[in-house]
Amino acid sequence: MPRTGVDMARTVRPAMARAVLRTLGPRYAGEPGRQGARLLGDGLPVPEPLHARLVAALAARGWPALRTAAERLLAEDPLLAELSRCGGLPELLGRAGLVEPWFHAGHRTRRSPADDGSLTICHVPSLGRVPLPSESLLVCSLYTAGTAAVTGRTPRVEVFADGATGRPGEVLRATRVAGWRLRWSDRPAAGPRPLDAVRTYFAREPARPWRLPATAALLGLAPRTLQRALATAGTSFQAELLAVRLEVAGQLTARTALPLADIAATAGFTDHAHLTRRFHAHYGCPPSEFRRTAHH
């Protein structure tokens, strides 16, 4: 085992350390980052003190960076991905405590739902050391992203730090974070349906290499929430992307004299042959025949 210069006795789940490192990105050239990358590359766990330094570096970039790491972890780690498929908050809270020991040997959370629909969470040490504020805020971001994935609504976060209450971005320099409260409004914020919003984005840039996680981020949703909303509407991300591209291709074929290769590129198809195959399956004829029919 290589020497790391830090205590190896208490470690964190590799997926958590990897999510933090990937969010920090390749431009983070600090020695903790290089050390963590070497350990993960060798298939070794990341010691708790080293992980704490990486999380502190991430927290210094602000609450959005912590949320990005949390959403990445939710999407990529099988244990948390399974939690995001819970049927509601009661099931999520019932299973969250069983999962925590897999991620960290030390700190734990106590979860207390309230009658007003809010959820209060206390972050407490189980092996003596008090959690650093950055560590608590990372756990807070995980609960925020996780509950958003399950409920379909992003909660408002109130953090208890240094004897006062503030928003996550306001307490990044606190000396102690005791816990946080997640609140949901009585109804989701008004706005376009996810399906309508997705179609609008696709229609604006049909040739863009759209991916579900990035599209969900544009809508302010967790990937699982967007996936569930589309399924409820009886469709899927890929089905809607193909439908919009075919609609764009049909309009260009009928209304312009553009070569079919150009239409394929504009609408997001790989090439002329790909367009023709998909076009025929959808419209019942090849693009050339569709164009002749439209001009008569």
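Residues numbered from 1 in each chain as written. Predicted model: local features only at pLDDT ≥ 70, side-chain atom pairs only at ≥ 80, totals over all residues. Heavy atoms only, no water.

S.K.: What exactly am I supposed to notice about the overall build of the chain here?
M.R.: Scanning the chain from terminus to terminus reveals 14 helices and seven strands. Each of the three principal axes of the chain carries a C-alpha extent, and together these read 80 × 50 × 30 Å. Burial statistics for the chain: of 296 residues in total, 45% are counted as buried. In the chain, once contacts between residues fewer than 6 apart in sequence are set aside, the share between residues at least 24 apart is 60%. About 15300 Å² of surface is accessible on the chain, with carbon and sulfur atoms providing 55% of the total. (Helix = DSSP H or I, 4+ residues; strand = E, 2+ residues; numbered from the N terminus. Buried < 20%, exposed > 50% of the residue type's maximum accessible area, 1.4 Å probe, protein only. Contact = heavy atoms within 4.5 Å. Areas by Shrake-Rupley, 256 points an atom, 1.4 Å probe, with all protein chains shown as cover.)

S.K.: When you look at helix 7 (residues 133-151) in this model, what are you seeing that I'm missing?
M.R.: In an α-helix there are 3.6 residues to a turn, and that puts residues three or four apart on one side. Here helix 7 is 19 residues long and its end C-alpha atoms lie 26 Å apart, about the 27 Å a rise of 1.5 Å per residue gives. Across the 19 residues that make up helix 7, a large majority, 18, are buried. Downstream of helix 7 by one or two residues, Gly 152 has phi in the positive range, about 80 degrees. (Expected span 1.5 Å × (residues − 1).)

S.K.: Mind showing me how you'd approach the pattern of salt bridges here?
M.R.: Opposite charge on two side chains permits them to pair, given that their charged atoms come into close proximity. A complete count under the given rule lists 11 salt bridges for this structure. Linking Arg 183 and Glu 158 is a salt bridge whose minimum nitrogen-to-oxygen distance equals 3.2 Å. Here the residue Arg 183 occupies a position in strand 7 (residues 177-183), and Glu 158 occupies one in strand 5 (residues 156-161), the gap between them amounting to 25 residues. A salt bridge links Arg 199 to Glu 240; its shortest N-O distance comes to 2.7 Å. (Salt bridge = Lys/Arg side-chain N within 4 Å of Asp/Glu carboxyl O.)

S.K.: Can you walk me through the side chain of Ser 136 in this structure?
M.R.: Mapped onto the fold, Ser 136 is located in helix 7. For Ser 136, a relative accessible area of 0% translates into the label buried. Every residue in contact with Ser 136, bar those within four places of it in the chain, is listed here: His 123, Pro 131, Val 177 and Trp 180.

S.K.: Teacher, can you tell me more about the packing of aromatic side chains here?
M.R.: We describe a pair of aromatic rings using the distance from one ring centre to the other and the angle between the two ring planes. A full pass over the atoms with the stated rule returns seven aromatic pairs. For the pair Phe 202 and Phe 237, a centre-to-centre distance of 5.3 Å together with 80 degrees between the ring planes defines the contact as edge-to-face. Note that Phe 202 is positioned in helix 8 (residues 194-204) and Phe 237 in helix 11 (residues 237-255), a separation of 35 residues in sequence. Judged by relative accessible area, which is 6%, Phe 237 ranks as buried. Where Phe 279 meets Phe 290, the ring centres are 5.1 Å apart and the plane angle is 80 degrees; that geometry is what we call edge-to-face. With Phe 279 in helix 13 (residues 272-283) and Phe 290 in helix 14 (residues 287-294), the pair connects residues that are 11 residues apart, well separated along the chain. (Phe/Tyr/Trp six-rings, centres within 6.5 Å; stacked < 30°, edge-to-face > 60°.)

S.K.: Is there a simple way to think about the sheet that holds strand 3 (residues 108-113) in this case?
M.R.: One key point about sheets: their strands pair by backbone hydrogen bonds, in either a parallel or an antiparallel sense. Sheet architecture is open: five strands sit in the order 3-4-7-5-6, paired in antiparallel fashion. One side of each edge strand has no neighbouring strand; the edge strands of this open sheet are strand 3 and strand 6 (164-166). The sheet shows a mean angle of 20 degrees between the axes of neighbouring strands, taken without regard to direction. Looking at chain direction, strand 5 and strand 7 are connected through six bridges and run antiparallel. Within strand 7, the position partnered with Ala 161 by the bridge is Val 177. Strands in contact with helix 7 are strand 3, strand 4 (119-124), strand 5 and strand 7; relative to strand 7, the strand with the most contacts, it is inclined by about 15 degrees. (Pairing = 2+ DSSP bridges. Axes fitted to C-alpha atoms, helices over the stretch in contact; angles between N-to-C directions.)

S.K.: Help me understand the nonpolar core in this model?
M.R.: The biggest cluster of nonpolar side chains holds 53 residues, and the ones touching the most others in it are Leu 73, Leu 80, Val 159, Trp 180 and Leu 182. Of the residues forming this core, the biggest block, eight residues, is contributed by helix 7. Here Leu 73 is in contact with Ala 15, Met 16, Ala 19, Leu 80, Phe 103 and Leu 142, once residues within four sequence places are set aside. (Core = buried A, V, L, I, M, F, W, Y, C linked by side-chain atoms within 4.5 Å.)

S.K.: For this particular structure, what's the right way to read the confidence of the model for the chain?
M.R.: Any segment with low pLDDT has predicted coordinates that should not be analysed in fine detail. Considering every residue of the chain, the mean pLDDT works out to 84; 91% of them sit at 70 or more. Across residues 1-8, where pLDDT falls below 50, the model places 14 contacts with residues more than four positions away in sequence or in other chains. In the model, residues 186-190 has pLDDT below 50 throughout and makes three contacts with residues more than four positions away in sequence or in other chains. (pLDDT = per-residue confidence, 0-100.)

S.K.: What is the right way to read the packing of helix 6 (residues 89-103) against helix 7 from this model?
M.R.: Helix-helix packing is characterised by the crossing angle of the two axes and by the distance between the axes. Closest axis-to-axis distance for the helix 6/helix 7 pair is 11 Å, and the angle between their directions is 145 degrees. Handedness of the crossing formed by helix 6 with helix 7: right-handed. In this structure, helix 6 uses Leu 89, Leu 92, Ala 96 and Glu 100 to contact helix 7, whose residues at the interface are Tyr 143, Gly 146, Thr 147, Val 150 and Thr 151. (Left-handed = near helix turned anticlockwise from the far one by under 90°.)

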